[in-house]
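A structural walkthrough
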Amino acid sequence: MAFKPFDWLLGLFSLDIGIDLGTANTLVNVRGKGITINEPSWVAINKRTREPLAIGAEAREMVGRTPANVVAIRPLRDGVISEFEITQAMLEYFIGKAHEQSIVPVPRPRVIVGIPSGVTEVEKRAVYDAAMSAGAREVGLIEEPVAAALGAGLPVNDVRGSMIVDIGGGTSEVAILSMGGVVISRSLRVAGDEMDQDIVQYVRNKYNLLIGERMAEQVKIAIGSAYHLPEEKTMLVRGRNLITGLPEAIEISSVEVREAIAGSVQVIIETIKDALDEAPAEIIADLMEAGICLSGGGALLQALDKRLMEELHIRCWVADDPMSCVARGAGMILEDYESLKRLLVGLERGSTRHN
Ligand code: ADP
Ligand code: MG
């Protein structure tokens, strides 16, 4: 490759950033600095003008508390950009914020963004355009499972296969990787959010109690599990009784929460089994040795690794700091751009990997 002094100089000074544009949380990894932003992917907008009023943590604080003309939304809820302009505003805000943290004026950044592996060409283009118009000089897209695997320290460039299961808020991503590419991947819209919904439903059906999504998430994080616990726990949940209309608190146990989310957990397990079913025998042999790595916030569900091991007969383990794997992986590409840029996905027709 020819030496391009201008690019080299630009690279030296530019504040390159890797972004995990998650359905639940957005993380920004600044080259040479590490993760400087970690905020919920929420935007509060004016209902009438659709103008963003608050972004990130500030917007999430507004959820359920907004006046009639304001609504707080998650533009990536289902893993894809359903709200292009709002996503663009969010990216702009985070890129701007990362840029702002630099003391000296710097050139526009090179930006690497993680995208779910199942997205269409149109959706990829939407993320690309959003990052470009948010002020990037160059945008690279990387499939989330590849970034997560890199960040988790899996040998993605090795000929031996490795496997990652990333469970986020809106989507779960299952991928088997080898030689820097995706051999098999599955992306499903069942992940943490769905479990929260399961808990809302369960409490409503069993106790006639209406609880909020955030309460349900707290329950899941505190006492949710995928396998029986050495010591089962209980927790107080507050909501509104649907019959009396009055506030009420009930005690719910970890056994009940496990029952509530069992269906969603099972769907994720079936998807992993599906991917394994399709894997070539050589790769299965590699995986039996290397195991399966779990990342994303959903990997923190108690005893999920244990449950998966029992179902899959393959060792499973949770990555170090599972919620930052994608952002760390994107950052690794920036650090070593020339040798790792081939992991990025192309935008042109025909250059995308099949799923
Ligand atoms: P995304 O990549 O989609 O933004 P994240 O990887 O940030 O998602 O994970 C967010 C999801 O992880 C949420 O559904 C959240 O409830 C869930 N989560 C976070 N911590 C835990 C925990 N300790 N146990 C179970 N689920 C958790
Ligand atoms: Mg994610």
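Refer to the structure printed above.
Residues numbered from 1 in each chain as written. Chains lettered and ligands numbered in written order. Predicted model: local features only at pLDDT ≥ 70, side-chain atom pairs only at ≥ 80, totals over all residues. Heavy atoms only, no water.

1. Looking at the site of ligand 1
Defined as follows: It suffices for a single heavy atom of a residue to lie within 4 Å of a molecule or strand for the residue to be listed as near it. Polar contact is defined as a pair of N or O atoms within 3.5 Å, subject to the rule that within protein one atom must be able to donate a hydrogen and the other to accept it, and that residues adjacent in sequence are counted only when both atoms are side-chain atoms. Using the Shrake-Rupley algorithm and a 1.4 Å probe, accessible areas are obtained, with residue cover drawn only from the displayed protein chains. The definitions used throughout rest on a 1 Å grid laid over the protein atoms alone, on which a cavity is an enclosed set of points accommodating a 1.4 Å probe that cannot get out and a pocket is an open set flanked by protein within 12 Å on both sides along at least five of seven lines; lining residues are those having an atom within 4 Å of a point. To qualify as sitting in a cavity or pocket, a molecule needs more than half of its atoms within 2 Å of the grid points.
Taken together, 17 residues surround ligand 1, and among them Thr23, Ala24, Asn25, Glu217 and Lys220 come closest. Between ligand 1 and glycine 169, the relevant distance is 2.9 Å, taken from an oxygen atom to a main-chain nitrogen or oxygen of the residue. Here an oxygen atom of ligand 1 sits 2.9 Å away from a polar atom, N or O, in the main chain of glycine 297. Here ligand 1 loses 89% of its free accessible area of 580 Å² to cover by the protein chains. In this structure the site holding ligand 1 corresponds to the largest pocket.

2. Looking at unusual backbone geometry
Filter applied, for reference: In DSSP terms, a helix is any run of H or I states spanning at least four residues, a strand is any run of E spanning at least two, and both are numbered starting from the N terminus. Burial status follows relative accessibility: with a 1.4 Å probe on protein chains alone, a residue under 20% of its type maximum counts as buried, one over 50% as exposed, and anything between as partly exposed.
Within the chain, arginine 50 stands out as a residue other than glycine whose phi angle is a positive 60°. On the secondary structure map, arginine 50 appears in the loop between β4 (43-46) and β5 (52-55). The phi dihedral of alanine 303 is positive, around 60°, even though this residue is not glycine. Secondary-structure assignment places alanine 303 in the loop between β15 (292-295) and α10 (304-312). Classification of alanine 303 as buried rests on a relative accessible area of 18%.

3. A look at the sheet that holds strand β13 (residues 234-241)
Picture the strands of a sheet paired through backbone hydrogen bonds; they go either parallel or antiparallel. Put simply, the rule is: Note on pairing: DSSP must find at least two bridges between two strands before they are called paired.
Taken together, 3 strands build an open sheet; the order of strands is β12-β13-β14 and the sheet is antiparallel. The strands lining the two open edges of the sheet, one partner per strand, are β12 (209-210) and β14 (247-253). Here β13 runs beside β14; their pairing, made up of 7 bridges, is antiparallel. The residue of β14 that forms the bridge with arginine 240 is proline 247.

4. Some thoughts on the pairing of β5
Pairing between β4 and β5: 3 bridges, direction antiparallel. Residue pairing in the sheet places alanine 44 in a bridge with alanine 54 of β5.

5. Quick notes on the sheet that holds β4
What counts is decided by this rule: Every axis corresponds to a line fitted to the C-alpha atoms, with the helix fit spanning only the stretch in contact, and the corresponding angles, defined between N-to-C directions, vary from 0 to 180 degrees. We call two residues in contact when some of their heavy atoms are within 4.5 Å.
Here we have 3 strands laid out as an open sheet, ordered β5-β4-β6, and antiparallel in their pairing. Looking along the sheet, the strands with just one partner apiece sit at the ends: β5 and β6 (70-73). Direction aside, neighbouring strands of the sheet carry axes that sit 20° apart on average. Those strands touched by helix α3 (residues 84-100) are β4, β5 and β6, and its axis lies near 50° from that of β5.

6. So, the packing of aromatic side chains
In this description, an aromatic ring pair is defined by two values, namely the gap between the centres and the angle between the planes. To keep it simple, the criterion reads: Stacked, tilted and edge-to-face are the three classes assigned to paired rings of Phe, Tyr and Trp, where Trp is represented by its six-membered ring and a pair needs centres within 6.5 Å; plane angles under 30 degrees give stacked, over 60 edge-to-face, the rest tilted. We call a charge positioned above a ring when the Lys NZ or Arg CZ atom is no farther than 6 Å from the ring centre and deviates by at most 35 degrees from the ring normal.
Taken as a whole, this structure holds 1 aromatic pair when the rule is applied. Aromatic side chains tyrosine 93 and phenylalanine 94 sit 5.2 Å apart centroid to centroid with 65° between the ring planes, which places their arrangement in the edge-to-face category. Against the face of tyrosine 337 rests arginine 110, its NZ or CZ located 3.7 Å from the ring centre.

7. Digging into the pairing of strand β8 (residues 138-143)
Rules: Consider the strands pointing away from the viewer: the crossover is right-handed when the path from the first strand over the helix to the second runs clockwise.
Counting buried residues along β8, 5 of its 6 residues qualify, which places the element largely inside the surrounding structure. The sheet contact formed by strand β7 (residues 110-115) and β8 spans 6 bridges and is parallel. Within β8, the residue paired with isoleucine 112 across the bridge is glycine 140. In this view, the connection linking β7 to its parallel neighbour β8 by way of helix α4 (residues 121-133) has right-handed handedness.

8. Thoughts on the nonpolar core
Nonpolar side chains in soluble globular proteins tend to end up buried together. Cut-off, in case you're wondering: For our purposes a nonpolar core is just a set of buried Ala, Val, Leu, Ile, Met, Phe, Trp, Tyr and Cys residues, chained together by side-chain atoms within 4.5 Å.
Ranked by size, the top nonpolar core spans 46 residues in total, and within it Met163, Ile199, Val219, Ile252, Ile272 and Ile292 carry the most contacts. Looking at this core, the element that brings in the most residues is helix α8 (residues 254-278), giving 9 residues. Excluding residues that lie within four positions of it along the chain, isoleucine 252 makes contacts with Tyr202, Val203, Val219, Ile223, Lys233, Thr234, Met235, Val237 and Val257. In this structure, Ile73, Ile95, Ala98 and Ala130 belong to the second largest nonpolar core, which totals 32 residues.

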